[in-house]
Amino acid sequence: MAPRYVLCIGAHPDDNESAIGGTIAHLSRAGWKVKMLSVTDGRRGHFLNEYIRNPAALIERRREESLRAAALVGAEYDCMNVPDGEVYVTPELTNAMVRIIRGFGPSGAGPDLVLLNRPNDYHRDHRYTAQLVLDATYMLTVPPMCPEVGHLSKMPVFAYWQDRFTEGCTFRPDVVVPIDRTIDTKVEMVCAHESQFFEWLPFNDGVFAEVPNGEAERTEWIRARYFSRAEQWARKLGAPISCVYAEAFQISEYGAQPADAKELFGVN
């Protein structure tokens, strides 16, 4: 079978790994070609003066962390280099997103699947990143739009990853992906982003003093703190789920509609 292509689009360099790292590893193991895209360069994700005075140093560090995480699953990594905290929906960025989506996958076909956060996320960068993707969807198949990059002959499936936000509407788990077999890889991918998960985010959350020093202790701290368990999706679906860890996705109506969402994600 020809390989399938999945494009994972996050606002920040660590968004894909922390939200859907288990599914990324699952699809990669199944033979999918994976690309992880960050819209921003992550220049404002820290509290140390050395990075505030010299954002280029943090940009480079976060790029190295992203490349290290992507290498763990054999994925590509790219960044649109928008300054962190400054994502807005503009014609220029929308056209750039059209080109990126069209450019990943076989010529004229693009990716089979695009994964992103929902547009009602709490973070402005997240919301506008999602809106950029949604604004690009229909234009992917329009020949005069960005004609230097050939239009797609078919629309990809777009799927939002899980969240707990209720403003606007609540998340709908159309497919739940068990990630028990890839949870260790997800943990490792997240731990690759040391500047975020052991420095900036604990500082921002007021728990910096709780970060362990040892590598093994840090790994378990990350696993316990950031990874949700599958029972929440069992409660929503009203059916048992035979795994400990899982990630869930909502199929967007703006893209192609899979005949079988479980089959698409390789879920039995």
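Above this text is the structure in question.
Notes on the structure in this doc start here. What you are looking at is a predicted structure, and each value in this text was computed from that prediction instead of being measured.

Remarks on the overall build of the chain
So, point 1. Summing up its helical and strand segments, the chain has ten helices and seven strands in all.
So, point 2. The C-alpha radius of gyration of the chain comes to 18 Å, within 12% of the 18 Å expected for a compact globule of 268 residues.
So, point 3. Expressed as lengths along the three principal axes of its C-alpha atoms, the size of the chain is roughly 55 × 50 × 35 Å.
So, point 4. For the chain, the proportion of contacts with a sequence separation of at least 24, taken over those separated by at least 6, is 77%.
So, point 5. When the accessible surface of the chain is split by element, carbon and sulfur atoms take 50% of a total near 12600 Å².
So, point 6. Distance from the positive charge centre (28 side chains) to the negative charge centre (36 side chains) of the chain: 3 Å.

Structural notes on the pattern of salt bridges
So, point 1. Under the defined criterion, the tally for this structure stands at 15 salt bridges.
So, point 2. Of the charged contacts in the structure, one is a salt bridge between Lys 35 and Asp 78, with a shortest N-O distance of 4.0 Å. Linking Lys 35 in strand β2 (residues 33–40) with Asp 78 in strand β3 (residues 76–82), this pair joins segments that are 43 residues apart in sequence.
So, point 3. Exposure remark for Lys 35: the relative accessible area of 11% places this residue in the buried category.
So, point 4. With a shortest N-O distance of 3.6 Å, Glu 220 and Arg 223 are connected by a salt bridge. Taken as a pair, Glu 220 and Arg 223 lie in helix α8 (residues 215–226) at a separation of three residues, close to a single helical turn.
So, point 5. Exposure remark for Arg 223: the relative accessible area of 16% places this residue in the buried category.
So, point 6. Look at the salt bridges and you will find they share partners, linking Arg 61, Glu 65 and Glu 199 into a network.

What to know about the sheet that holds strand β1 (residues 5–10)
Hydrogen bonds along the backbone pair up the strands of a sheet, which may run parallel or antiparallel.
So, point 1. Taken together, seven strands build an open sheet; the order of strands is β3-β2-β1-β4-β5-β7-β6 and the sheet is mixed. Looking at which strands have only one partner, the edges of the open sheet turn out to be β3 and β6 (175–178). Across the sheet, the axes of successive neighbouring strands diverge by a mean angle of 25 degrees, strand direction being ignored.
So, point 2. Bridge analysis of strand β5 (residues 157–161) against strand β7 (residues 246–251) gives three bridges, and the strand direction is antiparallel. Residue pairing across strands places Ala 159 opposite Ile 251, the latter belonging to β7.
So, point 3. Those strands touched by helix α4 (residues 91–103) are β1, β2, β3, β4 (113–116) and β5, and its axis lies near 170 degrees from that of β3.

A short note on helix α6 (residues 183–191)
So, point 1. Among the nine residues in α6, seven count as buried, and that is most of the element.
So, point 2. Turning to α6, its buried residues number three or more, namely Ile 183, Thr 185, Lys 186, Val 187, Met 189, Val 190 and Cys 191.

About the cut-offs
Residues numbered from 1 in each chain as written. Predicted model: local features only at pLDDT ≥ 70, side-chain atom pairs only at ≥ 80, totals over all residues. Heavy atoms only, no water. Helix = DSSP H or I, 4+ residues; strand = E, 2+ residues; numbered from the N terminus. Rg over C-alpha atoms; globule rule 2.2 N^0.38 Å. Contact = heavy atoms within 4.5 Å. Areas by Shrake-Rupley, 256 points an atom, 1.4 Å probe, with all protein chains shown as cover. Lys, Arg positive; Asp, Glu negative; His and termini not counted. Charge placed at Lys NZ, Arg CZ, Asp CG, Glu CD. Salt bridge = Lys/Arg side-chain N within 4 Å of Asp/Glu carboxyl O. Buried < 20%, exposed > 50% of the residue type's maximum accessible area, 1.4 Å probe, protein only. Pairing = 2+ DSSP bridges. Axes fitted to C-alpha atoms, helices over the stretch in contact; angles between N-to-C directions.

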